[in-house]
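Inside the fold
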Amino acid sequence: MPLISIVSPFDAISDSLAPMSPAYRNRLDLVRIRTVFLAVLACAPATSAANAASAAPCSFEAQGEGRVATVIDARSFRLADGREIKLAGIEAVSTEAAKRAAALTAIVGGRDVTLRAEDDAPDRYGRQTAFVFVAGEQNSVQAALLSRGEAFAAADIADKDCSAALLAAESAGRAAKMGIWASATATKNAESAGDILAGNGRFMLVEGRVLSVRQSGATTYLNFGRNWTRDFAVTISRRVIPSLEAAGMAPKSLENRRIRVRGFIEARTGPRIELLRAEQLELLGN
């Protein structure tokens, strides 16, 4: 805490009085110390609360407040003033789950919330995308959903602290086998190309061992099968390589390693996930 400079009435008294007895001056000093101490205690709670708020993960600039009037689906709701809010940083676990609203309703229904984001620009559907904090709660609504196994952590959060917090919340839900994690099918097996391809266009988590790493032009491929055209693979553009290297995951070092990758499935003869940032990859135990 920064030092606080306080000028009390006692300072003025001591400066204006003629030389006084040592006993009286000592008594005045003790009163002055007590006054300063009480002033510091009065400031401490507010300072601690401000520090705690600024330290909370995903606490970007406040972009408004409101009371939740209606929960629309698993990732969006409408405020009493008519604004439609979409939760940033998470993805629906399936097409069916995206329509369910029960989990989000249990957390935000009828509650006062604060919206936080780098800006309040609406998306193409007019929704405001934000991290949402229920009044009095330090952790985001997104973290609550992830820890309950009701969503996947997204792959598009550039802020490293925020991204790490979301992944940690998801990991906690997985470890506790909450929600989707009660089933082994929540994460797809990289060897099951047909199962992955059936989710074309959807956000998925895929786990498996990288059998080979090869480069073709400006693209690097992490291959999880021996048939490069049919089996699952991760594509990495040249511009992403430096961020992977900085994270200690240079593509060649991933050969024969078990990894988890998250992203949207694309059909290019075989199923693919394009790697846009290092946070999409997690190293797993062998």
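Residues numbered from 1 in each chain as written. Predicted model: local features only at pLDDT ≥ 70, side-chain atom pairs only at ≥ 80, totals over all residues. Heavy atoms only, no water.

**Topic: the overall build of the protein**
Where we set the bar: Helix numbering and strand numbering both begin at the N terminus, where a helix is a DSSP run of H or I of at least 4 residues and a strand a DSSP run of E of at least 2. Think of it in three bands: with a 1.4 Å probe and only protein chains considered, a residue is buried below 20% of the maximum accessible area for its type, exposed above 50%, and partly exposed in between. Only heavy atoms enter the contact rule, under which two residues are in contact if any of them lie within 4.5 Å. Only the protein chains shown count as cover for residues, and the accessible areas themselves come from Shrake-Rupley with a 1.4 Å probe.
Helices and strands together make up the secondary structure of the protein, namely 8 helices and 15 strands. Relative to its 286 residues, the protein shows a buried fraction of 41%. Sequence-distant contacts, at least 24 apart, represent 61% of the contacts inside the protein between residues at least 6 apart. When the accessible surface of the protein is totalled, it reaches about 15,500 Å², and 53% of it is carbon and sulfur.

**Remarks on the sheet that holds strand 1 (residues 62-73)**
Operational definition: Two strands pair if DSSP finds at least two bridges between them. To obtain each axis, a line is fitted to C-alpha atoms, and for helices this fit is confined to the stretch in contact; angles are then taken between N-to-C directions over 0 to 180 degrees.
Taken in spatial order, the 5 strands close into a barrel running 1-2-3-6-5, and their pairing is mixed. If you compare each strand with its neighbour and ignore which way they point, the axes differ by 55° on average. Sheet topology note: the strand 3 (residues 84-87)/strand 6 (residues 128-134) ladder contains 3 bridges and is parallel. Note that in strand 6 the partner of Lys 86 across the bridge is Thr 129.

**Some thoughts on unusual backbone geometry**
Although it is not a glycine, Lys 177 adopts a positive phi angle of roughly 55°. The topology assignment puts Lys 177 in the loop between helix 6 (160-175) and strand 8 (188-189). At Asn 256, a residue that is not glycine, the phi angle is positive and equals roughly 70°. Along the chain, Asn 256 turns up in the loop between helix 8 (241-246) and strand 13 (258-268).

**A short note on the side chain of Glu 207**
When you line up the elements, Glu 207 lands in strand 9 (residues 203-209). Beyond its immediate sequence surroundings of up to four residues, Glu 207 is in contact with Thr 187, Lys 188, Asn 189, Ala 190, Arg 258, Ile 259, Arg 260 and Leu 284.

**A few points about helix 6**
It helps to recall that an α-helix has 3.6 residues per turn; residues three or four apart then point in one direction. Operational definition: The span expected for a helix works out to 1.5 Å for each residue beyond the first. This arc describes the spread of directions from the helix axis toward the C-beta atoms. Pairs of N or O atoms within 3.5 Å make up the polar contacts considered here, provided that, within protein, one atom can donate a hydrogen while the other can accept it, and that residues adjacent in sequence are counted only when both atoms are side-chain atoms.
With 16 residues, helix 6 extends 22 Å between its outermost C-alpha atoms, agreeing within 8% with the 22 Å of an ideal straight helix rising 1.5 Å per residue. Those residues of helix 6 that fall on the buried side of the exposure criterion are Cys 162, Ser 163, Leu 166, Leu 167, Ala 169, Glu 170, Gly 173 and Arg 174. Mapping the buried residues of helix 6 onto a view down its axis gives an arc of 155°, with all of them on the same face. In helix 6, those exposed residues whose orientation departs by more than 90 degrees from the buried face are Lys 160, Asp 161 and Ala 175. Summarising the contacts, the buried residues of helix 6 are in contact with strand 6, helix 5 (141-147), strand 7 (152-153), strand 9, strand 13 and strand 15 (281-283). With a side-chain oxygen positioned 3.2 Å from the backbone nitrogen of Asp 161, the residue opening helix 6 is Asp 159. In the stretch just after helix 6, Lys 177 is the one whose phi turns positive, near 55°.

**A short note on the state of the cysteines**
One way to say it: the disulfide is the covalent bond shared by the sulfur atoms of two cysteines. Our working definition: In this description, a disulfide is simply a cysteine sulfur pair whose atoms lie within 2.5 Å.
Taken as a whole and assessed by the stated rule, the structure comprises 1 disulfide. Each disulfide pairs two cysteine sulfurs, and for Cys 58 the partner residue is Cys 162, the sulfurs being separated by 2.0 Å. Here the disulfide of Cys 58 and Cys 162 is right-handed, its torsion about the S-S bond being about 95°. Within this pair, whereas Cys 58 is found in the loop between helix 2 (22-55) and strand 1, its partner Cys 162 is found in helix 6, the two being separated by 104 residues in sequence. Residue Cys 58 shares its accessibility class with Cys 162, and that shared class is buried.

**Some remarks on a negative patch on the surface**
Applicable threshold: For patches, a residue must show more than 30% relative accessible area and have no salt bridge; joins then use 9 Å for like charges and 5 Å for nonpolar side chains, namely Val, Leu, Ile, Met, Phe, Trp and Tyr. Within this document, salt bridges are pairs made up of a side-chain nitrogen of Lys or Arg and a carboxyl oxygen of Asp or Glu, the two lying within 4 Å of each other. In this count, Lys and Arg are taken as positive residues and Asp and Glu as negative ones, while His and the chain termini are left out. To locate a charge, take NZ of a lysine, CZ of an arginine, CG of an aspartate or CD of a glutamate.
On the surface, Glu 118, Asp 119, Asp 120, Asp 159 and Asp 161 cluster together into a patch of negative charge. Mapping Asp 161 onto the fold places it in helix 6. Accessibility expressed as a relative area gives 63% for Asp 161, which makes it exposed.

**Describing the confidence of the model for the protein**
Stated precisely, the cut-off is as follows: pLDDT expresses, on a scale from 0 to 100, how confident the predictor is about each individual residue.
Of the residues in the protein, 80% reach a pLDDT of 70 or more, and the chain-wide mean stands at 83. The secondary-structure element of the protein with the lowest mean pLDDT is helix 2, recorded at 42, while strand 3 shows the highest, at 97. Across residues 1-20 the pLDDT falls below 50, and counting only partners more than four positions away or on other chains, this stretch makes 19 contacts in the model. Contacts from residues 23-54, a stretch scored under 50 in pLDDT, to residues over four places away or in other chains number 20 contacts.

**Description of the environment of Gln 138**
Among the structural elements, Gln 138 can be located in the loop between strand 6 and helix 5. Of the residues examined, Gln 138 reaches a relative accessible area of 46% and is grouped as partly exposed. For the pair formed by Gln 138 and Ala 56, sequence separation is 82 residues and the distance between their alpha carbons is 6.3 Å.

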